[in-house]
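Below are the chains, spelled out letter by letter.
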Amino acid sequence: MGKIYERIDGRLRTFIEEQPLFFTATAPLSGDGTVNLSPKGLKGSFVVLDELTLAYLDFAGSNAETVAHLRENGRITLMWCAFQGPPNIVRVHGRGEAVFRDDPRFQELVAHFPDIDPSLHGLRAVIVVHAELVRDSCGYAVPYMAYEEDRDLHAKRFAREDDDSLSAYFTKKEHIATSLDGLPGLPLPLPPSTV
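Residues numbered from 1 in each chain as written. Predicted model: local features only at pLDDT ≥ 70, side-chain atom pairs only at ≥ 80, totals over all residues. Heavy atoms only, no water.

Some details on the overall build of the protein chain
Here comes step 1: Helices and strands together make up the secondary structure of the protein chain, namely 5 helices and 8 strands.
Here comes step 2: For the protein chain, the α and β elements follow one another from N to C terminus as β-α-β-β-β-β-α-β-β-α-β-α-α.
Here comes step 3: Radius of gyration (C-alpha) of the protein chain: 17 Å, near the 16 Å computed for a compact globule of 195 residues.
Here comes step 4: With respect to the three principal axes, the spread of C-alpha positions in the protein chain is 50 × 40 × 30 Å.
Here comes step 5: Sorting the 195 residues of the protein chain into buried and exposed places 45% on the buried side.
Here comes step 6: Looking at the protein chain alone, contacts between residues at least 24 apart form 72% of all its contacts between residues at least 6 apart.
Here comes step 7: By element, 53% of the accessible surface of the protein chain is carried by carbon and sulfur atoms, the whole surface being about 10,500 Å². (Helix = DSSP H or I, 4+ residues; strand = E, 2+ residues; numbered from the N terminus. Rg over C-alpha atoms; globule rule 2.2 N^0.38 Å. Buried < 20%, exposed > 50% of the residue type's maximum accessible area, 1.4 Å probe, protein only. Contact = heavy atoms within 4.5 Å. Areas by Shrake-Rupley, 256 points an atom, 1.4 Å probe, with all protein chains shown as cover.)

Following this line, the structure appears as structure tokens:
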């Protein structure tokens, strides 16, 4: 049966850090707004900063729903599933923020991801999550699946972009500067990358 944890440490932290995939869920305050659920991968793009703070890199993509929802209300849930080994699901419910390139904390946060070359992925922000509720559940119905390797397509696609062309790419996308529901998304143009 499920358990609630006061902090992310020990076996729980190890489990989270070993998973090659996690999911983020956010929603606007509006009751008829669009709930967003996103898969996140890429080894080295997620870290546990301390017992109640986690962070992941927000890379170039075709929308910015998570960023928009965090800017509006800060609510976020992260979830990891064990697809190998003993069954387990871990959820972290909390408050998040998008730390953008022009934020004084940006460089220090990016330093926590030494295995990622941000220039290859069109790094937009670092998402920082402050845990308010940490819990697990059995995961008995989650199937076994084997992790083979990270895809290299994202790096191949965005490595050819510089700050100007990346901003131009985002400007052309309908749901980068504003969310599906019209909330402010990624501030454009992007400030120059400092990493």
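After that view of the structure, there is still more to cover.
What to know about the nonpolar core
Here comes step 1: In this structure, Ile8, Ile16, Phe46, Leu78 and Trp80 are the most contacted members of the largest nonpolar core, which totals 34 residues.
Here comes step 2: Secondary structure elements with two or more residues in this core: α1 (10-18), β4 (46-50), β5 (53-58), α2 (65-72), β6 (75-81), β7 (89-100), β8 (125-137) and α5 (163-172).
Here comes step 3: At 5 residues, β8 tops the list of elements feeding residues into this core.
Here comes step 4: Filtering out sequence-adjacent residues up to four positions away, Ile16 remains in contact with Ile8, Phe46, Val48, Trp80 and Val90.
Here comes step 5: Formed by 13 residues, the second largest nonpolar core is a distinct cluster that contains Leu109, Val110, Ile116 and Val126. (Core = buried A, V, L, I, M, F, W, Y, C linked by side-chain atoms within 4.5 Å.)

A word on α1
Structurally, the α-helix is built with 3.6 residues per turn, so residues lying three or four positions apart point the same way.
Here comes step 1: Every buried residue belonging to α1 is among Leu12, Phe15 and Ile16, and all of these are buried. One side of α1 carries all its buried residues, which in axial view fall inside an arc of 95°. Away from its buried face, by an angle of more than 90 degrees, α1 presents the exposed residues Arg11 and Glu18.
Here comes step 2: Among the structural elements, β1 (3-5), β4, β6, β7 and β8 are those in contact with the buried residues of α1. (Arc of directions from axis to C-beta.)

So, α2
Here comes step 1: Of all 8 residues in α2, 6 are buried, a share of seventy percent or more.
Here comes step 2: For α2, the full list of buried residues reads Glu65, Thr66, Val67, Ala68, His69 and Leu70.
Here comes step 3: Summarising the contacts, the buried residues of α2 are in contact with β2 (22-26), β3 (36-40), β5, β6, β7 and β8.
Here comes step 4: Note on α2: the residue one or two positions beyond its end, Gly74, has a positive phi of about 80°.

Some words on the pairing of β5
Here comes step 1: In terms of residue burial, β5 counts as a mostly covered element, since 6 of its 6 residues are buried.
Here comes step 2: Hairpin connection from β4 to β5: 2 residues lie between these consecutive antiparallel strands.
Here comes step 3: Across 6 bridges, the pairing between β5 and β8 is antiparallel. Across the sheet, the residue bridging to Thr53 is His130, located in β8. (Pairing = 2+ DSSP bridges.)

Section: the environment of Glu174
Here comes step 1: Of note, Glu174 is situated in the segment after α5.
Here comes step 2: Residue classification places Glu174 among the exposed residues on the basis of a relative accessible area of 63%.
Here comes step 3: A C-alpha to C-alpha distance of 7.7 Å links Glu174 and Asn63, two positions 111 residues apart in sequence.

Details of unusual backbone geometry
Here comes step 1: Following Leu188, the chain continues into Pro189 via a peptide bond in cis, with omega recorded as 0°.
Here comes step 2: Mapped onto the elements of the fold, Pro189 is located in the segment after α5.
Here comes step 3: Of note in this structure, Leu42 is not a glycine but carries a positive phi near 85°.
Here comes step 4: Looking at where Leu42 falls in the secondary structure, it is placed in the loop between β3 and β4.

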